[in-house]
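# Descriptive analysis of the structure
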Amino acid sequence: MAALLGATVGVAGTVLASAITGWSSRQQVQAQARAEHAHWRRQVRRDAYGAFLAPATEAQHALKMAGRAFVGERDTEEVDRRIGHAQRQLVLAQAAWANLAVEGPATVEQAARSVYTALKSTQNTLLAFRDTPPNAPDGNVLFVERHAVEVARLSERVGEFTAAARSALDDVGD
C-alpha cells in the first residue's frame, strides 16, 4: 500500500511538473510572438515614417530654395522649377501620409498633417509671390517676410513630426 501511494505521488509529481513545464513553454512562445510582432510593427512604422519624411523634407528644401530665387534679380524660371519639384514631392508625401493614418499612432498622423499643411501654405505663398509684379510697392517685402515665417514654421513642424515618430517607435506597446 505504501508503495502504491508512493508511486501515485511520484506520478502526480511528474504530471504536475510536466504541466508546469508545458505552461511555461506556452508563456515563452507567447512572449516571443509578442516581441516579434512588436519588432515587425516598429519596422513597418519606421518605413512609413521615412516614406513621409523623405519627400516632405525634399519639398521643404525645394520651397526654401524657390524663395531664395526671388532675392535680387527675380529668376522666375528657377522659381517655377523649384515649385514644380516641390509639387512632385508633395504628391509623394501626401500618398505616404495616407499610410501614416493606418500605421499610426494618431499623434504621428497629426504631426504629418501639420507638416503637409505647412508645406502647402509655403507653396501657396510662393505661387502668390511669383504672380505679383516684381516692382510692386512693398508687396514683395510682405511676401518675403511671410515666406521666411512659413519656412521657420515648416522647420518646426518637421521637428515635431520627427519627435512624434521617434516617440511612437520607442513605445512598442502601441
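Quick look at the structure, then. (Residues numbered from 1 in each chain as written. Predicted model: local features only at pLDDT ≥ 70, side-chain atom pairs only at ≥ 80, totals over all residues. Heavy atoms only, no water.)

It is worth spelling out the environment of Arg 74 at this point. Here Arg 74 is to be found in the loop between helix H1 (2–68) and helix H2 (76–103). A sequence separation of 60 residues divides Arg 74 from Pro 134, and the C-alpha atoms of the two residues are 7.4 Å apart. (Helix = DSSP H or I, 4+ residues; strand = E, 2+ residues; numbered from the N terminus.)

Turning next to the environment of Val 151. Within the secondary structure, Val 151 sits in helix H4 (residues 139–170). Look past the residues within four positions of Val 151 in its chain and what remains in contact with it is Lys 64 and Thr 122. (Contact = heavy atoms within 4.5 Å.)

Here H2 contains 28 residues, and its C-alpha end-to-end distance of 40 Å stays within 8% of the 40 Å for a straight helix at 1.5 Å per residue. Taken residue by residue, H2 has Val 79, Arg 82, Ile 83, Ala 86, Gln 89, Leu 90, Ala 93, Ala 96, Trp 97, Leu 100 and Glu 103 as its buried positions. Where H2 terminates, the next one or two residues include Gly 104, which has phi positive at roughly 65°. (Expected span 1.5 Å × (residues − 1). Buried < 20%, exposed > 50% of the residue type's maximum accessible area, 1.4 Å probe, protein only.)

The N-to-C vectors of H2 and helix H3 (residues 106–130) enclose an angle of 160°; their axes lie 10 Å apart at closest approach. Between H2 and H3, the interaxial angle falls into the category roughly antiparallel. Every pair of crossing elements has a handedness; the one defined by H2 and H3 is left-handed. In contact with Thr 76, Val 79, Asp 80, Ile 83, Gln 87, Leu 90, Gln 94, Trp 97, Leu 100 and Ala 101 of H2, H3 contributes Val 108, Glu 109, Ala 112, Arg 113, Tyr 116, Leu 119, Lys 120, Gln 123, Leu 126, Leu 127 and Arg 130. A breakdown of the residues in the contact of H2 with H3 according to their chemical character gives 12 nonpolar, four polar and five charged. (Axes fitted to C-alpha atoms, helices over the stretch in contact; angles between N-to-C directions. Parallel < 35°, antiparallel > 145°, perpendicular 65-115°, else oblique. Left-handed = near helix turned anticlockwise from the far one by under 90°. Nonpolar A, V, L, I, M, F, W, Y, C, P; charged D, E, K, R; others polar.)

Moving on, we get to the environment of Pro 55. Checked against the element boundaries, Pro 55 lands in helix H1. In this structure the C-alpha to C-alpha distance between Pro 55 and Leu 92, which are 37 residues apart in sequence, comes to 6.2 Å. Not counting residues up to four positions away in its chain, the partners in contact with Pro 55 are Gly 50, Gln 89, Leu 92 and Ala 93.

The next thing to look at is the packing of aromatic side chains. Throughout the structure, instances matching the rule amount to four aromatic pairs. Taking the centre distance of 5.0 Å and the plane angle of 55° together, the rings of Phe 52 and Phe 161 count as tilted. With Phe 52 in helix H1 and Phe 161 in helix H4, the pair connects residues that are 109 residues apart, well separated along the chain. In terms of burial, Phe 52 and Phe 161 fall into one category: buried. Members of the aromatic cluster, each reached through a chain of ring pairs, are Tyr 49, Phe 52 and Phe 161. (Phe/Tyr/Trp six-rings, centres within 6.5 Å; stacked < 30°, edge-to-face > 60°.)

In this section: unusual backbone geometry. Glycine aside, residues mostly have negative phi angles, and peptide bonds mostly take the trans form. Cis peptide bonds are those with omega within 30 degrees of zero, and the linkage from Gly 104 to Pro 105 qualifies with -5°. Note on placement: Pro 105 falls in the loop between H2 and H3.

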